[in-house]
Amino acid sequence: MNEFSRLLSALFVSAFVLSGCAAFAGKRAEIPVDLVARGAMATTSPLRYWGDDPDFAASHTRVKQGSDGQVDFLTLSGGGINGAYGAGYLIGWTNSGARPDFEVVTGISVGAIIAPLAFLGTDYDQHLHEVYLALSGASNPKANFLSALLGGSAILDNGPIRNAIDKAVDQGILDQIALAHRQGRRLYIGTTNLDAQRPVVWDIGAIANSNDPHRLELVRSVILASTAVPTVFQPVLIEVSSNGHDYSEMHVDGGVTEQVLLMPGGWGKVGARGDTRLYVIFNGVVDASPATVQPSSMALIGRAVPTLLKYLGRANLAELANSAKSGGVLYRMTAIPGEFPESDNLFGSPEWLASLYQFGLESGQSGRWRDRN
């Protein structure tokens, strides 16, 4: 069993122990259960949508065609350290000369960190590379299981993730996102509202374009929440207003509810024109990876949990592909092949991350796509 499997197994064991402990060390203004579904940001225009609500389609189906006559969607999945593949793929795609400008970009978890720079286009590839280097340089943080067992909300410090997000989105980047939003393009990030037990889609361009004086802080918090794997990293509390009272919602990794943002409600008039393309960069492996499993409880958990997550990802991709097909949208997906060597370290050694990044770069240059999972 590699280190990833051992830590993953330990997290599941810890979850049972922690069920009787305090789930969040800090105080929060808990939103009453009967108001959870009605919690809203203090704004007159929508900044977010439920990720399982078909009404969300009213936003993304109003997107304008690009200068090439196409409407290009890019979806970036979660995947932790595997985000090196997505970063490399995008830059390799640029090098091929075939990468389009995207009218809509969505991201979840590590894909949420990459998404703003992918959204702004190829001029930001160097910035994207610097963010990848920041994440790569922060590998191998020390786990603090004792803190978690004593009632803490996380085993690992999310400081390195915060630093990478700060590099990915500063005020200048936010201003450019706001400009793109006014031009009719859309950037969405997915989180999981743990109180509501539902996915949430955040309209990052609408936030950037708002008059909220704390909009940069909010965008960074949303991206941080999207990467907050429960019990691994601390959840993110986001302030909301309901019935004249202020509360806080608990948001965690978007991958808890969906591995890719599923674009509920279909494609409407966007796909009907026959000029819409959906590209999915899946920062993970969808192929089966055969291995011999020892008959011990830890080995079984260490094998079963990644298998469960893999097939959740496959189911999400199938749903997205079927939705695109029924809407007349061209679907293309890329993922890490099963034969690519696994990392023996949960956060990947710098050498392994560089190898995956280079593989992604070469795959993007050669246009390595699938038309099905």
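Position numbers for residues start from 1 in each chain and track the written sequence from start to end. The model is predicted, so local features are restricted to residues of pLDDT at least 70 and side-chain atom pairs to those at 80 or more, both for listing and for counting; the totals for chains, interfaces and linings are taken over all residues. For the side-chain quantities, the full set of heavy atoms in the structure was used; hydrogens and water were omitted.

(A) Up close: unusual backbone geometry. For T231, which is not glycine, the phi dihedral falls at a positive 75°. Only DSSP runs of H or I covering at least 4 residues are called helices, and only runs of E covering at least 2 are called strands; the numbering of each starts at the N terminus. Following the sequence through the fold, T231 ends up in the loop between α10 (215-226) and β6 (236-242). If you check the backbone angles, M263 has positive phi at about 50° while not being a glycine.

(B) Quick peek at the packing of aromatic side chains. Each pair of aromatic rings taken from Phe, Tyr and Trp, with Trp reduced to its six-membered ring, is defined by centres within 6.5 Å and is described as stacked if the planes are under 30 degrees apart, edge-to-face if over 60, and tilted in the remaining cases. Under the counting rule described, the total for this entry stands at 14 aromatic pairs. Centroid distance Y49 to F56: 5.1 Å. Interplanar angle 50°. Geometry classified as tilted. Note on F56 and Y188: the rings are 4.9 Å apart at their centroids and 80° apart in plane angle, and the pair reads as edge-to-face. With F56 in the loop between β1 (48-50) and α2 (57-60) and Y188 in strand β4 (residues 186-193), this residue pair connects regions lying 132 residues apart in the sequence. An identical accessibility class is assigned to F56 and Y188; each is buried. A network of ring pairs unites the aromatic residues Y85, Y89, W93, F102, Y279, F340, W352, F359 and W369 as a single cluster. As a reminder, the over-ring test applies to NZ of lysine and CZ of arginine, requiring each to be within 6 Å of the ring centre and within 35 degrees of the ring normal. A cation over an aromatic ring shows up here: R185 above the ring of F119, its NZ or CZ 4.3 Å from the ring centre. Across from the ring centre of W50, 4.2 Å away, lies the NZ or CZ of R198, which sits over that ring. Relative accessibility decides the category of a residue: with a 1.4 Å probe and only protein chains considered, values under 20% of the type maximum give buried, values over 50% give exposed, and everything between is partly exposed.

(C) Structural context of the confidence of the model for the chain. Confidence per residue, as judged by the predictor, is encoded in pLDDT with a range of 0 to 100. Across the chain, the average pLDDT comes to 85, with 85% of residues at 70 or higher. By the convention used here, residues are in contact when the closest approach between their heavy atoms is within 4.5 Å. Contacts from residues 1-10, a stretch scored under 50 in pLDDT, to residues over four places away or in other chains number 24 contacts. In the model, residues 12-25 has pLDDT below 50 throughout and makes 19 contacts with residues more than four positions away in sequence or in other chains.

(D) Looking closely at the side chain of S323. Following the sequence through the fold, S323 ends up in helix α12 (residues 297-326). The exposure class of S323 is buried, given its relative accessible area of 17%. Excluding residues that lie within four positions of it along the chain, S323 makes contacts with G266 and W267.

(E) Looking closely at the pattern of salt bridges. Any Lys or Arg side-chain nitrogen located within 4 Å of an Asp or Glu carboxyl oxygen qualifies as a salt bridge. For the coordinates displayed, the defined rule picks out seven salt bridges. Two residues, R99 and D125, come together in a salt bridge whose shortest N-O distance is 3.1 Å. Here R99 is found in the loop between α3 (83-96) and β3 (104-108), whereas its partner D125 is found in helix α5 (residues 125-137), with 26 residues between them in sequence. Of the two residues, R99 and D125, neither departs from the other in class, the shared state being buried.

(F) Spotlight on the packing of α3 against helix α13 (residues 350-366). Remark: α3 packs on α13, axes separated minimally by 6 Å, with the N-to-C direction vectors making an angle of 35°. Crossing of α3 against α13: the hand is right-handed. Here A84, Y85, A87, G88, Y89, I91, G92, W93, N95 and S96 of α3 lie close against α13, whose contacting residues are L353, L356, Y357, F359, G360, L361, S363, G364 and Q365. Classifying every residue of the contact of α3 with α13 by side-chain character gives 11 nonpolar, eight polar and no charged. In this analysis, axes come from line fits to C-alpha atoms, helices being fitted only over the stretch in contact, and the angle between any two N-to-C directions falls in the range 0 to 180 degrees. Definitions for this section: a left-handed crossing has its near helix turned counterclockwise from the far helix by less than a right angle. A right-handed crossing has that turn clockwise. Put simply, Ala, Val, Leu, Ile, Met, Phe, Trp, Tyr, Cys and Pro go in the nonpolar bin, Asp, Glu, Lys and Arg in the charged bin, and everything else, Gly too, in the polar bin.

(G) Representation of the pairing of strand β9 (residues 330-336). Most of β9 sits out of view: five of its seven residues are buried. Here strand β8 (residues 276-285) pairs with β9 via seven bridges, running parallel. Bridge pairing in β9 places V285 opposite I336. By definition, the crossover connecting two strands over a helix is right-handed if that path, from the first strand to the second, turns clockwise as seen with the strands pointing away from the viewer. Following the chain from β8 across α12 to the adjacent parallel β9, one finds a crossover that is right-handed. Two strands form a pair only when DSSP identifies at least two bridges running between them.

(H) Structural view of the pairing of strand β2 (residues 71-76). Of all six residues that make up β2, six are buried, and the element is covered over most of its length. Residues V71, F73 and T75 of β2 are buried on one face, and the alternating residues D72, L74 and L76, pointing to the opposite face, are buried as well. Taken together, the four bridges between β2 and β3 define a ladder with parallel strand orientation. Looking across to β3, one finds that L74 is bridged to V105.

(I) Structural view of α13. The length a helix should cover is 1.5 Å for every residue beyond the first. Between the first and last C-alpha of α13 there are 24 Å, a value that for 17 residues agrees with the 24 Å anticipated at 1.5 Å per step. All buried positions along α13 are accounted for by W352, L353, L356, Y357, G360, L361, S363 and G364. Among the residues trailing α13, G367 stands out with phi positive, at a value near 70°.

(J) Spotlight on the nonpolar core. Formed by 70 residues in total, the largest nonpolar core has its most connected members in L74, L76, L90 and I204. A total of eight residues in this core trace back to one element, the largest contributor, which is helix α4 (residues 110-120). Contacts of I204, omitting those with residues within four sequence positions, involve I177, L187, I189, V219 and V222. The set of buried Ala, Val, Leu, Ile, Met, Phe, Trp, Tyr and Cys residues whose side-chain atoms join them within 4.5 Å is what this entry labels a nonpolar core. Core analysis: the second largest hydrophobic core is formed by 27 residues, V63, F73, V260 and A321 among them.

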